[in-house]
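Residue-level structure breakdown
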Amino acid sequence: MGESSMCGALVPTTASKSEPDATSAQPPIPIPPPSAADEPVVASSSDAFDVDKDMLCPICMQIIKDAFLTSCGHSFCYTCIMTHLQNKNDCPCCGHYLTNSRIFPNFLLNKLLKKTSASQISKTASPVDNLRHAIQQGCEVSPKELDSLLSLLAEKKRKMEQEEAERNTQILLDFLHCLRKQKVEELNEIQTDLQYIREDINAVERRGIELYSEKDRYLIKPRVVIDDPTTAKPCSSLIDKHNSIIYGGHAGHSWMCSFSQQNNKTGVNAQASSQGFQNKDGCGGSDSSYVTPSGLAVARKRRVDAQFIGLQECYLQKRRQWTRQLHKPEEREYNGLHQEGYNPGLEDFQSVLSNFTRYSRLRVIAELRHGDIFHSANIVSSIEFDRDDELFATAGVSRRIKVFEFSTVVNEPADVHCPIVEMSTRSKLSCLSWNKYTKNLIASSDYDGIVTVWDVTTRQSLMEYEEHEKRAWSVDFSCTEPSMLVSGSDDCKVKIWCTKQEASVLNIDMKANICSVKYNPGSSIYVAVGSADHQIHYYDLRNISQPLYVFSGHKKAVSYVKFLSNNELASASTDSTLRLWDVKENLPLRTFRGHTNEKNFVGLTVNGEYIACGSETNEVFVYHKAISKPAAWHRFGSDMVNADDDMGSYFISAVCWKSDSPTMLTANSQGTIKVLVLSA
């Protein structure tokens with residue numbers, strides 16, 4: 001979303017709902033106070049009764065400094081009267097004619113002022129200062145009085161040192177007690193975590209023995225049925241043949257190697273299934289290199305090592321979470337073990353580990369150019385799949401909605417693909433949203449604040465809503481109520497629309513620009529709003545007087561909000577972070593860092609497990625929802641000669657997952673659209 005092909009529209013910053021015009025009255029500019037060096041000393045209110053007003057300079061109204069007397073009998077500060085006489089030749093008090101030659105030093109007043117100043121200092125000085133001053137002035141004191149005074153001072157010093165030592169000791173003791181308490185809590189937590197780990201190791205070992213036994217029975221059965229002497233080899237030799245590992249000793253101690261190999265094969269099967277799904281999406285597009293089972297195992301282990309800290313946090317978080325749930329009264333009758341004998345927390349983590357280590361990169365399976373010869377502005381601000389993932393639509397600053405057939409783009413290699421539908425608009429477009437039930441309906445929002453519902457089949461607009469007063473950034477159809485949609489705008493308003501009515505059915509006034517709106521996929525009464533006030537406002541539409549929850553944590557404007565599930569909400573911000581929230585429990589779950597986003601809309605898309613976003617470095621980043629660091633990324637222009645030159649000029653502007661698939665659509669500000677797929 002931008003004004004040219006090189007620079008996109010900036011994400012709004014916090015703005016007041018009613019912005020004053022440039023011609024309106026501006027608030028007064030505060031005058032900075034004078035520095036301490038320039039600020040003159042003013043007599044305090046308590047001193048005002050002690051100081052005669054004749055001692056105050058009539059010009060600066062402060063105690064006279066370096067007094068000078070005029071021929072008409074008035075005293076002033078020398079600096080004040082000389083400054084006055086540079087401009088006028090009269091007395092500031094009586095107006096009598098006065099020149100520099102008619103002012104004289106006032107010695108008597110200066111002497112009086114010095115005595116007054118000394119008196120004031122003595123009143124405010126501490127006893128120590130008075131004592132020091134008396135001694136310095138040569139006050140007569142006998143040796144006996146000095147000895148007594150020194151004794152008192154020594155005793156006072158001893159008491160003060162003792163009190164200081166006691167305070168320091170108490171502070172140190174409090175610190176050590178606090179540290180011990182903290183470390184005991186950490187030790188208890190570590191011991192609890194170690195207990196979890198021991199239990200899970202035992203469960204996994206038992207499961208490994210079961211798998212080994214099943215594999216052993218599978219290998220022995222054909223030998224008995226066929227009764228072929230050539231196949232009648234010891235079980236260990238069969239295992240050696242299949243696993244290329246010699247197992248010695250007791251079977252109970254030799255299952256681990258076999259289980260490791262079995263896991264590798266399981267990973268291979270999963271990867272093959274994934275590649276088959278990718279080939280289904282890509283219709284033949286596959287990697288040219290084949291990864292051997294051992295190579296795949298090494299690669300997956302390398303991914304675990306690279307993200308070990310994040311995986312460790314994920315494991316402990318899930319294990320502790322499930323333990324807390326199992327201790328709830330309503331869960332006590334539940335034994336806490338699933339079919340494989342795993343704790344639910346361990347089973348959840350195994351799913352995360354399997355999914356996370358399955359992919360390591362993004363592979364390009366198709367590419368097309370979005371621009372045309374009639375429009376130099378090519379930024380794609382929004383890209384969305386339809387209900388069945390058969391079509392996808394693009395929109396942006398070219399003022400056109402283009403609809404492409406996904407299979408054609410992937411299967412037919414061509415630099416330029418013609419859209420099957422193209423619809424023109426009056427203004428630049430900011431967002432698209434397909435109807436989740438009616439395949440041919442799509443909604444758009446534009447820079448004029450107009451929300452339009454289109455019929456893709458007839459290429460005509462069915463409804464145009466023009467209530468927004470400023471640019472509309474976001475629009476979204478409800479997943480559960482197909483006739484309802486929501487929009488947000490720079491006019492600080494969220495509006496709910498119904499395709500059966502010509503006016504909005506609900507209006508939410510907010511205090512900052514609205515950057516993104518999204519319906520909860522499980523309900524048409526909950527809406528998430530990303531705002532320029534750095535927060536996400538979660539509304540129950542049955543009571544819009546105040547948000548149900550307000551999620552705080554981002555440091556800049558929230559540019560996107562997307563739901564992973566009914567309870568999980570992802571948000572993107574120009575503080576270069578993504579965040580995951582639990583909208584049911586009102587909790588922050590995780591913060592994702594790795595991409596760069598400081599000013600532009602760079603896109604956000606989610607599926608069940610993964611979150612993807614763009615970057616102002618012309619890269620696409622993919623995060624697993626349980627790990628804070630990127631799982632994979634792809635740089636646009638990496639296959640171009642002038643890739644380095646493009647890095648500072650272009651950015652990713654839109655991304656969209658294909659439902660329940662490792663495939664996604666991505667577009668950048670140059671107008672390039674790529675179909676990417678997660679690969680091993």
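Residues numbered from 1 in each chain as written. Predicted model: local features only at pLDDT ≥ 70, side-chain atom pairs only at ≥ 80, totals over all residues. Heavy atoms only, no water.

1. Regarding the overall build of the protein chain
Helix and strand counts for the protein chain stand at 11 helices and 31 strands. Among the 680 residues that make up the protein chain, the fraction classed as buried is 42%. Taking as baseline every contact in the protein chain between residues at least 6 positions apart, the subset at least 24 positions apart corresponds to 52%. If you sum the accessible surface of the protein chain, you get close to 37,400 Å²; carbon and sulfur atoms cover 54% of it. (Helix = DSSP H or I, 4+ residues; strand = E, 2+ residues; numbered from the N terminus. Buried < 20%, exposed > 50% of the residue type's maximum accessible area, 1.4 Å probe, protein only. Contact = heavy atoms within 4.5 Å. Areas by Shrake-Rupley, 256 points an atom, 1.4 Å probe, with all protein chains shown as cover.)

2. Looking at the environment of S117
Note that S117 resides in helix α2 (residues 107-124). According to the relative accessible area criterion, S117 is partly exposed, its value standing at 38%. Each C-alpha atom of the pair S117 and I63 lies 9.6 Å from the other, and the pair is 54 residues apart in sequence.

3. What to know about the sheet that holds strand β3 (residues 103-105)
Taken in spatial order, the three strands make up an open sheet running β2-β1-β3, and their pairing is antiparallel. The strands lining the two open edges of the sheet, one partner per strand, are β2 (75-77) and β3. In this sheet, adjacent strand axes meet at a mean angle of 40 degrees when their direction is disregarded. Note that strand β1 (residues 67-70) and β2 share three bridges and pair antiparallel. The partner of A67 across the bridge, within β2, is C77. (Pairing = 2+ DSSP bridges. Axes fitted to C-alpha atoms, helices over the stretch in contact; angles between N-to-C directions.)

4. Observations regarding the packing of helix α7 (residues 293-306) against helix α9 (residues 344-358)
The description of two packed helices rests on the angle between their axes and on the distance between the axes. Taken N-terminus to C-terminus, the directions of α7 and α9 make an angle of 110 degrees; their axes are 9 Å apart at the nearest point. By the angle between their directions, the pair α7 and α9 is classed as roughly perpendicular. The chirality of how α7 crosses α9 is right-handed. Note on element contacts: α9 touches α7 through L353, S354, F356, T357 and R358, opposite R300, R303 and V304. Here the contact of α7 with α9 is composed, by residue class, of three nonpolar, two polar and three charged. (Parallel < 35°, antiparallel > 145°, perpendicular 65-115°, else oblique. Left-handed = near helix turned anticlockwise from the far one by under 90°. Nonpolar A, V, L, I, M, F, W, Y, C, P; charged D, E, K, R; others polar.)

5. As for the nonpolar core
Core analysis: the biggest nonpolar cluster contains 24 residues, and L578, L604 and I611 have the highest contact counts within it. The set of elements that each furnish at least two residues to this core consists of β22 (568-573), β23 (577-582), β25 (604-606), β26 (610-614) and β27 (619-624). Not counting residues within four places of it along the chain, the set of residues in contact with I611 comprises L564, A570, L578, F592, L604, T605, V606, F621, V622, Y623, K625 and W657. Among the nonpolar cores identified, the runner-up in size contains 18 residues, and A366, V410, A654 and L665 belong to it. (Core = buried A, V, L, I, M, F, W, Y, C linked by side-chain atoms within 4.5 Å.)

6. As for unusual backbone geometry
Residue M61 is not a glycine yet carries a positive backbone phi of 60 degrees. Within the secondary structure, M61 is located in the segment before β1. With relative accessibility at 52%, the residue M61 sits in the exposed group. The phi torsion at N618 lies on the positive side, around 65 degrees, for a residue other than glycine. Its place among the elements puts N618 in the loop between β26 and β27.

7. A few points about the pattern of salt bridges
Under the counting rule described, the total for this entry stands at 24 salt bridges. For R471, the salt bridge identified is with D490, shortest N-O distance 3.6 Å. Here R471, found in the loop between β12 (460-465) and β13 (472-477), pairs with D490, found in the loop between β14 (484-489) and β15 (493-498); they are 19 residues apart in sequence, far enough to count as distant. A salt bridge links E619 to R635; the shortest N-O distance between them is 3.5 Å. Residue E619 is found in strand β27, and its partner R635 is found in strand β28 (residues 630-635); the two are separated by 16 residues along the sequence. For E619, a relative accessible area of 9% corresponds to the buried category. Here the residues in one salt-bridge network are D386, R387, D388, E390 and K439, joined through shared partners. (Salt bridge = Lys/Arg side-chain N within 4 Å of Asp/Glu carboxyl O.)

8. Some thoughts on the sheet that holds strand β10 (residues 441-446)
Working definition: the strands of a sheet are paired by backbone hydrogen bonds and lie parallel or antiparallel to each other. The strand order β9-β10-β11-β12 describes an open sheet built from four strands, whose pairing is antiparallel. If you trace the sheet from one side to the other, it starts and ends with β9 (429-434) and β12, each paired once. For this sheet the average axis-to-axis angle between neighbouring strands, irrespective of direction, equals 25 degrees. By the bridge criterion, five bridges tie strand β11 (residues 451-455) to β12 in an arrangement that is antiparallel. Residue pairing for β12: T452 is matched across the bridge by E464.

9. Section: the pairing of β10
Burial within β10 is extensive, with six of its six residues counted as buried. Of the two faces of β10, the one holding L441, A443 and S445 and the one holding I442, S444 and D446 are both buried throughout. Sheet topology places β9 next to β10; five bridges connect them, and they run antiparallel. Bridging across to β10, L432 finds its partner in S444. Where β9 folds back onto β10 in an antiparallel hairpin, the turn is made up of six residues. Sheet topology places β10 next to β11; five bridges connect them, and they run antiparallel. Residue pairing for β11: S444 is matched across the bridge by T452.

10. Quick word on the confidence of the model for the protein chain
Confidence in the prediction for the protein chain averages 80 pLDDT; 77% of positions are at 70 or higher. For residues 16-49, every residue scores under 50 in pLDDT, and the model assigns this stretch 13 contacts once sequence neighbours within four places are set aside. This model gives residues 639-643 a pLDDT under 50, and the stretch forms five contacts once residues within four places in sequence are excluded. (pLDDT = per-residue confidence, 0-100.)

11. With respect to the side chain of T605
Relative to the helices and strands, T605 is located in strand β25. Once residues lying within four places of it in the same chain are set aside, the contact partners of T605 are Y610, I611, A612, V655, C656 and W657.

12. Some points on the state of the cysteines
Evaluated as defined, the whole model comprises zero disulfides. C72 takes part in no disulfide bond, and the closest cysteine sulfur to it belongs to C91, at a distance of 3.5 Å. (Disulfide = S-S within 2.5 Å.)

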